[in-house]
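# Residue-level structural notes
Here's the letter readout for the chains.
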Amino acid sequence: MNNGDIAFIGGGNMARSLIGGLVAQGHAASAIRVAEPVPALRDALRADFGVAVFESGAEAVAGAGTWVLATKPQVLREVCETLATQARMVRPLVVSIAAGITTTQIARWLGDAGLPVVRTMPNTPALLGAGATGLYANAAVDATSRHFAETLLSAAGTTVWIDDEARMDAVTAVSGSGPAYVFLLAEAMIAAGMEEGLPAEAARALALQTVLGAARMLTESDVDAAELRRRVTSRGGTTQAAIETFEAGGFRALVASAIHAARVRGAALSAAND
Ligand SMILES: NC(=O)C1=CN([C@@H]2O[C@H](COP(=O)(O)OP(=O)(O)OC[C@H]3O[C@@H](n4cnc5c(N)ncnc54)[C@H](O)[C@@H]3O)[C@@H](O)[C@H]2O)C=CC1
Ligand SMILES: O=C(O)[C@@H]1CCC=N1
């Protein structure tokens with residue numbers, strides 16, 4: 001990798017997932033610098049991954065050619081404004097993982113509208129190298145930096161470039177938040193299995209392996225989701241009874257409404273924190 005050290009601003013859940021992916025891929029831990037105000041999180045990052053940890057962003061970015069903004073959107077403006085003097089001197093490649101916040105906002109808050117900013121939206125399976133990340137590069141990002149950002153996020157799993165930044169909120173709604181939808185389904189299947197009389201451990205083991213097996217079938221075969229569903233659904237059988245219940249309850253419309261709400265919330269985060 002080029003661009004020298006990588007500084008993460010914020011060492012919370014998502015940064016941990018990305019750092020875990022980078023280190024697992026063989027990226028030098030000594031070249032990863034993390035700013036995190038919570039001492040216990042700093043200690044855990046140092047102990048688990050061997051990365052350099054700092055209390056403040058100003059210390060972490062010193063000497064780093066790539067800055068990964070990994071705080072909550074609500075504090076990002078303040079974080080950027082604190083680093084603006086260093087940003088104007090260093091002109092780093094800025095990579096943001098914050099939901100909603102635009103590349104224009106980030107460059108403006110860092111005091112240089114011409115800064116190269118790659119807005120990304122990863123997800124937590126990054127911790128296992130099984131993440132999905134959407135990326136958008138502003139016009140100041142050159143081919144080398146674009147490639148570097150892609151390499152950085154590839155350590156977390158698959159990457160998809162998005163040409164129109166307005167669509168990044170839809171990426172957030174589908175894949176950024178998406179693992180939570182699958183976890184919710186798993187929770188509901190386990191609870192329902194127990195209500196139908198299964199012991200808790202059996203309900204859990206059966207539901208979790210079903211999610212894993214179905215995900216592998218979706219990704220490892222050329223058959224699409226609808227056809228895979230049809231192949232489980234015997235005419236007049238048990239699956240048909242369940243699917244008809246889902247459809248009658250408005251399952252598809254509910255999923256569409258939930259994803260729409262997440263997309264709208266992403267855009268609102270941008271406006272509310274400007
Ligand atoms: N959790 C997820 O599944 C995903 C989160 N994201 C985005 O990642 C970002 C972080 O989210 P999480 O990791 O879930 O939150 P988190 O709360 O676990 O991590 C944020 C970290 O930033 C630290 N922090 C606060 N102020 C700081 C400052 N001034 N300097 C340095 N660090 C500071 C906090 O102590 C905290 O540990 C958000 O912008 C979110 O939109 C993106 C994709 C998925
Ligand atoms: O819930 C959130 O706002 C963040 C962004 C995507 C996943 N978690």
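Nothing here was measured: the structure is a model prediction, and the numbers come from that model. Each chain has its residues counted from 1, running along the sequence as written. As they are written, the chains are lettered A onward and the ligands numbered 1 onward, keeping that order. Thresholds applied to this predicted model are a pLDDT of at least 70 for local features of residues and 80 or more for the giving and counting of side-chain atom pairs; totals over whole chains, interfaces and linings are not thresholded and use all residues.

## Let's talk about the UniProt feature "domain: Pyrroline-5-carboxylate reductase dimerisation" (unreviewed entry) in the protein chain
Mapped onto the present numbering, the UniProt feature "domain: Pyrroline-5-carboxylate reductase dimerisation" (unreviewed entry) falls at residues 165–267. End C-alpha atoms of residues 165–267 are separated by 11 Å, and the span's content is 82% helix alongside 0% strand. UniProt positions are given in the numbering used here, feature names are shortened, and annotations may be inferred rather than shown by experiment. Strands are runs of DSSP state E lasting at least two residues, helices are runs of H or I lasting at least four, and both sets are numbered from the N terminus onward.

## Quick look at the nonpolar core
Buried Ala, Val, Leu, Ile, Met, Phe, Trp, Tyr and Cys residues form a nonpolar core when they are connected through C-beta atoms within 7 Å. As a rule, residues whose C-beta atom has 12 or fewer other C-beta atoms within 10 Å are exposed, those with 20 or more are buried, and those in between are partly exposed; C-beta atoms are placed from the backbone. Membership of the largest hydrophobic core comes to 57 residues, with the highest contact counts inside it found for Ala7, Phe8, Ile9, Val34, Val68 and Leu69. This entry defines residue contacts through backbone-placed C-beta atoms, with two residues in contact when those atoms are within 7 Å. Val34 has contacts with Phe8, Gly11, Ala15, Ile19, Leu45, Val51, Val53, Phe54 and Ala60, leaving out every residue within four places of it along the chain.

## Looking at the environment of Gln86
Position of Gln86 among the secondary structure elements: in helix H4 (residues 73–90). Assessed through the 19 C-beta atoms surrounding it within 10 Å, Gln86 is described here as partly exposed. For the pair Gln86 and Leu45, spaced 41 residues apart in the sequence, the C-alpha separation amounts to 24 Å. The residues contacting Gln86, other than those within four sequence positions of it, are Ala58 and Val61.

## A short note on the pairing of strand E8 (residues 157–161)
By the convention used here, strands pair only if DSSP detects at least 2 bridges between them. Both strand E7 (residues 131–137) and E8 contribute to a ladder of 5 bridges, which runs parallel. The residue of E8 that forms the bridge with Gly131 is Gly157. Remark: the E7/helix H6 (residues 143–154)/E8 crossover connection has right-handed handedness. The definition of a right-handed crossover adopted here requires that, viewed with the strands pointing away, the path from the first strand over the helix to the second runs clockwise.

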